[in-house]
Protein chains: 2
Amino acid sequence: MRILLTVAYDGTKYFGWQRQNDFVSIQETLEIALSKLFNKKILVIGASRTDTGVHAMGQRAVLDIETTIPLTNLPYAINNYLPKDIRVHKAMEVQENFHPQYDAKNKTYRYKIYNAPFQNPVLNSYTWHVPKKLDIEKMREASKHILGEHNFSAFCASGATSKTRVRTVYNLEIYKEDEMIFFDINGNGFLYNMVRIIAGTLVYVGIHKISPSDIPKIISSEERGKAGKTAPPEGLTLMCINY
Amino acid sequence: MRILLTVAYDGTKYFGWQRQNDFVSIQETLEIALSKLFNKKILVIGASRTDTGVHAMGQRAVLDIETTIPLTNLPYAINNYLPKDIRVHKAMEVQENFHPQYDAKNKTYRYKIYNAPFQNPVLNSYTWHVPKKLDIEKMREASKHILGEHNFSAFCASGATSKTRVRTVYNLEIYKEDEMIFFDINGNGFLYNMVRIIAGTLVYVGIHKISPSDIPKIISSEERGKAGKTAPPEGLTLMCINY
């Protein structure tokens, strides 16, 4: 049967989700754990290729296995073989033709900024430290222009191989708690580095380097060079994927 | 002149605040940075001896130095010589006889628990993961008995050298945000491991291993063995010290 896992991880020490030669990935680490548990070679298909340093609360991956372990116990069994910075939170049965990437309806990412003159050291690997005070109201104004269906080429890293650059952002919420600023963004899919480029662009708005009304022009330019810089990976977390 | 620094750190990679042979401490790391900056040997006196793995947002330390660097610039100058997991947030002049430990009026610590079946991996070094659901109301009830002046011998690790075991807890607030549970505790001083033993005891209340009405008996016993286990260091942060 096909089993869908929900996986959380601290991406700090991994070279991203995707299996690759010479570098330790989360996918490979999960596959090694599963192969040990089931005593046979197991491969998984993941939903999102998170980059080096990016974290996840709700990554998804499927594997095919016949097992007598009840699905409610399976996360405990798998976690037994995983390092502590990767945790399987849930396992559920899905149809044999279920695909975690293509069947996703929408995904939510959270980007975290620590906005204070000096960084909080415990957040080094989990936030982007922006020392200059950010203008949240302007950022909120800018975020409204990002909502909806657009060709997001201006917010896509070069080298991306997606067939189409059109994506729909359903929701983009910006909120502040003490020195922390959060961007919660939900959409039907995201181009390579798209969330981090949106975060970097919103920070440019927050420091008045560009204005909210520049956003429509940046989007319609379809030129990566017009948008802000790519925010660092450690601020990004894949929160959930809905099917 | 005597300068009082406010210091934040991620305690994960250090063997606590206190300078010691053979192990890297936060105090020594700070002294090395200051000695490089001022090009002479600098020693500091800290306010609190945080343990291995314990974090700080508001540790305090004094040094004596004649410098022409304006105090508002001093944190930037010092941070230049510090690793990223230690940050000086503030520098202010104090009187020559000021002592960061003896002159403290009260201190606030925060203890963080992640209360969900599976740990959130990004919180491994910053929370105590308690999988069993905690009864917050019972914990709040128990916390009221801890308030006030008591002989806290039952909440003091053996080997502590304090002259008196009497301390006053002014405030102990317990609150929950999603899976996170926070204990904010303010008092005129804390015995060795006292906050972590209080946290461990409150968790015993939260899992109904002991009842709130047991707390007065535990306190009056003055026996360490009656209280709960010592909660792990990674959940603890020294938040601030008031003078």
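Residues numbered from 1 in each chain as written. Chains lettered and ligands numbered in written order. Predicted model: local features only at pLDDT ≥ 70, side-chain atom pairs only at ≥ 80, totals over all residues.

**Overview of the overall build of chain A**
Scanning chain A for helices and strands turns up 5 helices and 10 strands. Radius of gyration (C-alpha) of chain A: 19 Å, near the 18 Å computed for a compact globule of 243 residues. A principal-axis box enclosing the C-alpha atoms of chain A has dimensions of 60 × 40 × 30 Å. Split into buried and exposed, the 243 residues of chain A put 42% on the buried side. (Helix = DSSP H or I, 4+ residues; strand = E, 2+ residues; numbered from the N terminus. Rg over C-alpha atoms; globule rule 2.2 N^0.38 Å. Buried ≥ 20, exposed ≤ 12 C-beta atoms within 10 Å, placed from the backbone.)

**Here we look at helix H4 (residues 194–206) of chain B**
Residue and element names in this part refer to chain B. Given a rise of 1.5 Å per residue, 13 residues ought to cover 18 Å, and the 18 Å separating the end C-alpha atoms of H4 matches this to within 8%. Within H4, 12 of the 13 residues are buried, which leaves the element mostly enclosed by the surrounding structure. Just downstream of H4, His-208 is the residue with a positive phi angle, here 65°. (Expected span 1.5 Å × (residues − 1).)

**Quick look at the interface of chain B and chain A**
Accessible area lost when the parts come together is the quantity often used to give the size of an interface. Taken together, the 18 residues of chain B in the interface contact 18 residues of chain A. Looking at the side of chain B that touches chain A, the elements with two or more residues in it are strand S1 (2–9), strand S3 (55–64) and strand S4 (86–94) of chain B. Sorting elements by how many residues they give to the side of chain B that touches chain A places S4 of chain B first, with 3 residues. (Contact = placed C-beta atoms within 7 Å.)

**Points about the domain arrangement of chain A**
Residues and elements named next belong to chain A. According to the domain assignment, chain A contains domain 1 (2–94) and domain 2 (106–242). Relative to domain 2, the C-alpha centre of domain 1 lies at a distance of 27 Å. In this complex, domain 1 contributes 14 residues to the contact, which on the side of domain 2 involves 10 residues. A per-class count over the side of domain 1 that touches domain 2 returns 4 nonpolar, 8 polar and 2 charged. (Domains from an automatic or database assignment. Nonpolar A, V, L, I, M, F, W, Y, C, P; charged D, E, K, R; others polar.)

**Re the relation of the copies chain B and chain A**
Between chain B and chain A, the superposition needs a rotation of 180° and an axial shift of 0.0 Å, giving an RMSD of 0.0 Å. Here the symmetry operator amounts to a two-fold rotation axis. Looking at chain B, 100% of its interface residues are interface residues in chain A too, so the copies touch through the same face. (Least-squares fit on C-alpha atoms with pLDDT ≥ 70 in both.)

**Thoughts on the packing of helix H3 (residues 136–146) of chain B against H4 of chain B**
Residues and elements named next belong to chain B. Contact geometry for H3 and H4: axes closest at 8 Å, N-to-C directions at 140°. What the angle tells us is that H3 and H4 run oblique. Helix-helix and strand crossings are classified by hand; for H3 and H4 the assignment is right-handed. Contact with H3, carried on its side by Lys-138, Met-139, Ala-142, Ser-143 and Ile-146, involves Ile-198, Leu-202, Val-205 and Gly-206 of H4 and no other residues of that element. Of the residues that constitute the contact of H3 with H4, the class distribution is 6 nonpolar, 2 polar and 1 charged. (Axes fitted to C-alpha atoms, helices over the stretch in contact; angles between N-to-C directions. Parallel < 35°, antiparallel > 145°, perpendicular 65-115°, else oblique. Left-handed = near helix turned anticlockwise from the far one by under 90°.)

**Observations concerning helix H5 (residues 214–221) of chain A**
All names here are of chain A. Among the residues making up H5, those that are buried are Ile-215, Ile-218 and Ile-219. The arc that holds the buried residues of H5, viewed along the axis, is 95°, so those residues lie on one side. Positive backbone phi, at 55°, marks Glu-222, one or two positions downstream of H5. (Arc of directions from axis to C-beta.)

**Things to note about the environment of Gly-159 of chain B**
Mapped onto the secondary structure, Gly-159 of chain B falls in the loop between strand S7 (148–151) and strand S8 (166–177). In this structure the C-alpha to C-alpha distance between Gly-159 of chain B and Arg-60 of chain B, which are 99 residues apart in sequence, comes to 25 Å.

**Concerning the pairing of strand S9 (residues 180–187) of chain A**
All names here are of chain A. Side chains Ile-181, Phe-183, Ile-185 and Gly-187 project from S9 onto a buried face, and the interleaved Met-180, Phe-182, Asp-184 and Asn-186 project onto a face without burial. Examined bridge by bridge, strand S5 (residues 106–114) and S9 share 8 bridges and lie antiparallel to one another. For Ile-113, the partnering residue across the bridge sits in S9 and is Ile-181. Bridge count between strand S8 (residues 166–177) and S9: 8 bridges; the pairing is antiparallel. Across the sheet, residue Glu-173 finds its bridge partner in S9, namely Asp-184. Hairpin connection from S8 to S9: 2 residues lie between these consecutive antiparallel strands, with Asp-178 at a positive phi of about 50°. (Pairing = 2+ DSSP bridges.)

**Quick word on the environment of Lys-133 of chain B**
Residues and elements named next belong to chain B. When you line up the elements, Lys-133 lands in the loop between strand S6 (128–129) and H3. In this structure Lys-133 comes out as exposed when scored by C-beta crowding, with 11 C-beta atoms within 10 Å. Spatially, the C-alpha atoms of Lys-133 and Glu-179 are 9.7 Å apart, while their sequence positions differ by 46 residues.

**Concerning unusual backbone geometry**
Of note in the backbone geometry, Asn-39 of chain A takes a positive phi value of approximately 60° without being a glycine. With respect to the helices and strands, the residue Asn-39 of chain A is situated in the loop between helix H1 (26–38) and strand S2 (45–46). With 7 C-beta atoms counted inside 10 Å, the residue Asn-39 of chain A sits in the exposed group. A positive phi angle is found at Asp-22 of chain B, which is not glycine, with a value near 75°. Locating Asp-22 of chain B in the fold gives a position in the loop between S1 and helix H1 (26–38). Here Asp-22 of chain B falls in the exposed class, since 5 other C-beta atoms lie within 10 Å of it.

**Thoughts on the environment of Asn-97 of chain A**
Within the secondary structure layout, Asn-97 of chain A lies in the loop between strand S4 (86–94) and S5. Sequence separation of Asn-97 of chain A and Arg-140 of chain A is 43 residues, and the distance between their C-alpha atoms is 40 Å.

**A short note on the confidence of the model for chain A**
On average, residues of chain A score 96 in pLDDT, and 100% of them are at 70 or above. In the model output, the complex is listed with pTM 0.94 alongside ipTM 0.92. (pLDDT = per-residue confidence, 0-100.)

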